[in-house]
Amino acid sequence: MKKTLIALNDLKNKGIIDEYAIGGGMGAVFYIEPFLTYDLDVFILAGDEMDLQPLAALYQYLKKKGCRPKQEQIIIEGIPVQFLPAYNKLLKEAVREARKIKVQGTETRVMTVEHLLAIMLQTGRAKDRERFFKVLEEADIDRAKLSRILKRFDLLEKFQKWERLKDEK
Amino acid sequence: MKNKTVDMNGLLAAKQHGKSNFRRQQVKLPFERKIEIVVRLQKLAAAIGKITGRKPSGMTWRWPTRKFQNGKMGKT
């Protein structure tokens, strides 16, 4: 894992990407009890989000480093990593405001729990809903901050809908 | 036979208490330790997948398959 994080920091230091943050399942694992998830989702900020060139440059750089692509992921030091451009305002904010952490002495960035929750709501798949309530139950959440984010990104209604569905179960 | 009364509420509360204590400990583990656990879970899922012929997807457990339910194992 350490080598994977060093490779991610390398991408930023070499200017291939502007910024990155760990999100998705592994991001959630940072805040709650570990659960089964398959890859490391890394959201990146790199120039124009509609321009796929940063991803091409990134893949080229990693291939030169001996990493091999596998379907939509790229294997960095044995860990499947999926790079996803931050393609909307919420994701961009989540990457920008991610918190700095240290893993095995290596600095990295993970999205805040409040942003992760908002992204789960926005994405809205069955597994997002499952994770959403798990995170809500187990993590220390700044409710005021979460509420502000949900309001700003027009997700309050969806949040209430999910709450109702949960109660109906 | 002696009529035993079981405090079900108490038992449930104790079970819940134990579970939440365990969960609290898991939540507080360092990230690197959590990643180790995730990797172990992935290996376990792969091993189960070999037996059932299907792999679980994320948190959504997708077995048993129809073939497995019928007492046979194999890919669907």
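Just so you know, these numbers come straight off a predicted model, no measurement behind them. (Residues numbered from 1 in each chain as written. Chains lettered and ligands numbered in written order. Predicted model: local features only at pLDDT ≥ 70, side-chain atom pairs only at ≥ 80, totals over all residues. Heavy atoms only, no water.)

Asks: Run through the overall build of chain A, naming residues and quoting values.
Replies: Looking only at helices and strands, chain A has eight helices and seven strands in total. Over its C-alpha atoms chain A spans a radius of gyration of 16 Å, differing by no more than 12% from the 15 Å that the globule rule assigns to 169 residues. When the backbone C-alpha atoms are referred to their principal axes, chain A occupies close to 50 × 30 × 30 Å. Every one of the 169 residues in chain A was classed for burial, and the buried ones make up 55%. About 8,700 Å² of surface is accessible on chain A, with carbon and sulfur atoms providing 46% of the total. Averaging the positions of the 31 positive and the 26 negative side-chain charges in chain A gives two centres separated by 4 Å. (Helix = DSSP H or I, 4+ residues; strand = E, 2+ residues; numbered from the N terminus. Rg over C-alpha atoms; globule rule 2.2 N^0.38 Å. Buried < 20%, exposed > 50% of the residue type's maximum accessible area, 1.4 Å probe, protein only. Areas by Shrake-Rupley, 256 points an atom, 1.4 Å probe, with all protein chains shown as cover. Lys, Arg positive; Asp, Glu negative; His and termini not counted. Charge placed at Lys NZ, Arg CZ, Asp CG, Glu CD.)

Asks: Explain helix H6 (residues 126-138) of chain A to me, using residue names and the numbers behind them.
Replies: For H6(A), spanning 13 residues, the distance from its first C-alpha to its last is 19 Å, which sits close to the expected 18 Å at 1.5 Å a residue. When H6(A) is considered as a whole, its buried residues turn out to be A:Asp128, A:Arg131, A:Phe132, A:Phe133, A:Lys134, A:Val135, A:Leu136 and A:Glu138. (Expected span 1.5 Å × (residues − 1).)

Asks: Any chance you could break down the interface of chain A and chain B for me, citing the residues and the numbers?
Replies: Contacts between the two partners involve 22 residues from chain A and, on the opposite side, 18 residues from chain B. A combined buried area of about 2,000 Å² lies between chain A and chain B, and 68% of that area is made up of carbon and sulfur atoms. By the criterion of area lost to chain B, the three top residues of chain A are A:Pro34, A:Leu36 and A:Tyr38, representing 30% of everything that side buries. For the interface between chain A and chain B, the tally reads zero salt bridges. The interface formed by chain A and chain B holds six residue pairs in polar contact (both at pLDDT 80 or more) in total. Among the secondary structure elements, those contributing two or more residues to the side of chain A that touches chain B are helix H2 (24-29), strand S6 (99-103) and H6 of chain A. Among the elements that line the side of chain A that touches chain B, the one with the most residues is H6(A), at six residues. Residues that form the side of chain A that touches chain B fall into these classes: twelve nonpolar, two polar and eight charged. (Contact = heavy atoms within 4.5 Å. Buried area = accessible area lost by both parts, 1.4 Å probe. Salt bridge = Lys/Arg side-chain N within 4 Å of Asp/Glu carboxyl O. Polar contact = N/O pair within 3.5 Å; in protein donor to acceptor, adjacent residues only side chain to side chain. Nonpolar A, V, L, I, M, F, W, Y, C, P; charged D, E, K, R; others polar.)

Asks: Before we move on, could you go through the side chain of A:Arg109 and cite the residues and values that matter?
Replies: Residues and elements named next belong to chain A. Residue position: Arg109 is located in strand S7 (residues 106-110). Note on Arg109: relative accessible area 9%, which makes it buried. Polar contacts involving the side chain of Arg109 include one to the main-chain carbonyl oxygen of Val95, which spans 2.7 Å. For Arg109, the contacting residues outside a window of four places in its chain are Glu19, Tyr20, Ala21, Ile22, Val95, Arg96, Ala98, Arg99 and Lys100.

Asks: Any chance you could break down helix H4 (residues 89-96) of chain A for me, citing the residues and the numbers?
Replies: All names here are of chain A. Looking only at H4, the buried set comprises Leu90, Leu91, Glu93, Ala94 and Val95. Looking at the packing, one finds that the buried side of H4 touches strand S1 (19-23), strand S2 (40-45), S7, helix H5 (113-123) and helix H7 (143-152). Its side-chain oxygen at 3.2 Å from the backbone nitrogen of Leu90, Asn88 defines the N-terminal cap of H4.

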